[in-house]
Amino acid sequence: MRNCLQTGCLALGILCFFYYIAIVIYAGFHTSMSWLWLLGSALFLFLWRAMIYQSRHPESWIRFLTGTLGILILLGVLVLLVVGSRIVGAMASAPQKELDYVVVLGAQVRGTAPSRALRRRLDRAVTYAEENPETVFVLSGGQGPDEGISEAECMYNYMTQKGIEPSRLLLEDKSTSTKENLVYSAELYGLKKASVGILSNNFHVYRAVQLAKKEGYQQTCGIPASADIGMQPHNILREICCVLVEAVRGNIRL
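Calculation criteria
- Residues numbered from 1 in each chain as written.
- Predicted model: local features only at pLDDT ≥ 70, side-chain atom pairs only at ≥ 80, totals over all residues.
- Heavy atoms only, no water.
- Helix = DSSP H or I, 4+ residues; strand = E, 2+ residues; numbered from the N terminus.
- Buried < 20%, exposed > 50% of the residue type's maximum accessible area, 1.4 Å probe, protein only.
- Contact = heavy atoms within 4.5 Å.
- Areas by Shrake-Rupley, 256 points an atom, 1.4 Å probe, with all protein chains shown as cover.
- Lys, Arg positive; Asp, Glu negative; His and termini not counted.
- Charge placed at Lys NZ, Arg CZ, Asp CG, Glu CD.
- Salt bridge = Lys/Arg side-chain N within 4 Å of Asp/Glu carboxyl O.
- Pairing = 2+ DSSP bridges.
- Axes fitted to C-alpha atoms, helices over the stretch in contact; angles between N-to-C directions.
- 1 Å grid on protein atoms, 1.4 Å probe; cavity = no way out; pocket = protein on both sides within 12 Å on 5 of 7 lines; lining within 4 Å.
- Points joined across faces, edges and corners; volume = space filled by probe spheres on them.
- Nonpolar A, V, L, I, M, F, W, Y, C, P; charged D, E, K, R; others polar.

> Describe the overall build of the protein, with residues and values.
When its secondary structure is counted, the protein shows eight helices and seven strands. Seen through its C-alpha atoms, the protein measures out along the principal axes to roughly 75 × 35 × 30 Å. Residues classed as buried in the protein amount to 46% of the 254 residues present. Considering only intrachain contacts with a sequence separation of at least 6, the fraction spanning at least 24 residues in the protein is 73%. For the protein, the computed accessible surface area is about 13400 Å², with 61% contributed by carbon and sulfur atoms. Within the protein, one finds 24 positive and 20 negative side-chain charges whose respective centroids are separated by 12 Å.

> Kindly report on the pattern of salt bridges, identifying the contributing residues and their values.
Tallied over the entire structure, the rule returns two salt bridges. Between Glu-239 and Arg-207 there is a salt bridge whose closest N-O contact spans 2.5 Å. One end of the pair, Glu-239, is in helix H8 (residues 232-249); the other, Arg-207, is in helix H7 (residues 205-214), and 32 residues separate them in sequence. Of the residues examined, Glu-239 reaches a relative accessible area of 2% and is grouped as buried. The closest approach of N and O atoms between Arg-249 and Glu-246, which form a salt bridge, is 3.9 Å. With Arg-249 and Glu-246 both in helix H8, this residue pair falls three residues apart, about one helical turn. Note on Arg-249: relative accessible area 60%, which makes it exposed. By relative accessible area, Glu-246 is classed as buried at 10%.

> With reference to specific residues and values, describe the sheet that holds strand E4 (residues 136-140).
Reading across from one edge, E5-E4-E1-E6-E7 is the order of the five strands in this open sheet, with parallel pairing throughout. A strand with exactly one partner marks an edge of an open sheet, and here the two such strands are strand E5 (169-172) and strand E7 (219-225). Across the sheet, the axes of successive neighbouring strands diverge by a mean angle of 25°, strand direction being ignored. Taken together, the seven bridges between strand E6 (residues 195-201) and E7 define a ladder with parallel strand orientation.

> An account of the pairing of strand E1 (residues 101-105) is requested, with residue identities and associated values reported.
Two faces make up the sheet, and in a regular strand the side chains alternate between them. In terms of burial, E1 is largely enclosed, as four of its five residues are buried. Bridge count for E1 against E4 is five bridges, and the pairing is parallel. What sits directly across from Val-104, in E4, is Leu-139. Examined bridge by bridge, E1 and E6 share four bridges and lie parallel to one another. Within the sheet, the bridge partner assigned to Val-102 lies in E6 and is Gly-197.

> Outline the layout of surface pockets, listing residues and values.
One water molecule sets the probe size; rolling that probe over the atoms shows where empty space is left. In this structure, the largest pocket occupies an estimated 1400 Å³ of space. Looking at the largest pocket, it is lined by 40 residues, and the ones nearest its centre are Ser-32, Ala-107, Gln-108, Ala-117 and Arg-238. Every element with two or more residues in the lining of the largest pocket is listed here: helix H1 (2-27), helix H4 (116-131), helix H6 (178-189), H7 and H8. Looking at which element gives the most residues to the lining of the largest pocket, the answer is H8, with six residues. For the lining of the largest pocket, the residue count by class is nine nonpolar, 17 polar and 14 charged. Mapped by element, the contributors of at least two residues to the lining of the second largest pocket are H1, helix H2 (35-56), helix H3 (60-91) and H8. Residues that form the lining of the second largest pocket fall into these classes: 22 nonpolar, three polar and no charged.

Right, here's the structure in full:
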């Protein structure tokens, strides 16, 4: 049993490290919270070394230290699984049809063009718009320091180029976070009593919908767009951390 645990910790430590390298190669050093994988690698490798050391030095304080660390890691994994299951469940949710509004959450703009993540959201929005011709879309996102135009304007340009009528597109171009997306959109267009879909990449839907409910949206559901498969483990891990932060702040009830 001990050998299996040691081997498992070693394997997980190596896996976390090489996944971090893959993230850096694919998405760059500045990928949000990519350091979590280095932290995970360090923890698993430390536990692996601690178990080896304990087998050679069976003093009680070493057993206590190793056992305590193992329990903390196990509790952390359980929390990740519980919160992660809710995120994954929302990823497969089916949106309601003929919603009054759909809020499309902004994502990074590269110059004046949508990033990969934003393009996936917009393609999903276009599909929903074609299937539900009465729905109005609120395109929500401000302009960051490294963006040529606001995220809302970028989304507007993309969707009109895809044939969506401009009269169906409302802009909110001041927000800089998911919470602000929802607050400012509701204030501008009176969304709280309407039926509203929250559209984002699938891993982000659970948190976005929970925040919308916290802000007073009375009839809301998620509309998941696809996400990069290779980045999905990182997306989900990062999202778990964000959900936990929002729960501590009182914005989400777990």
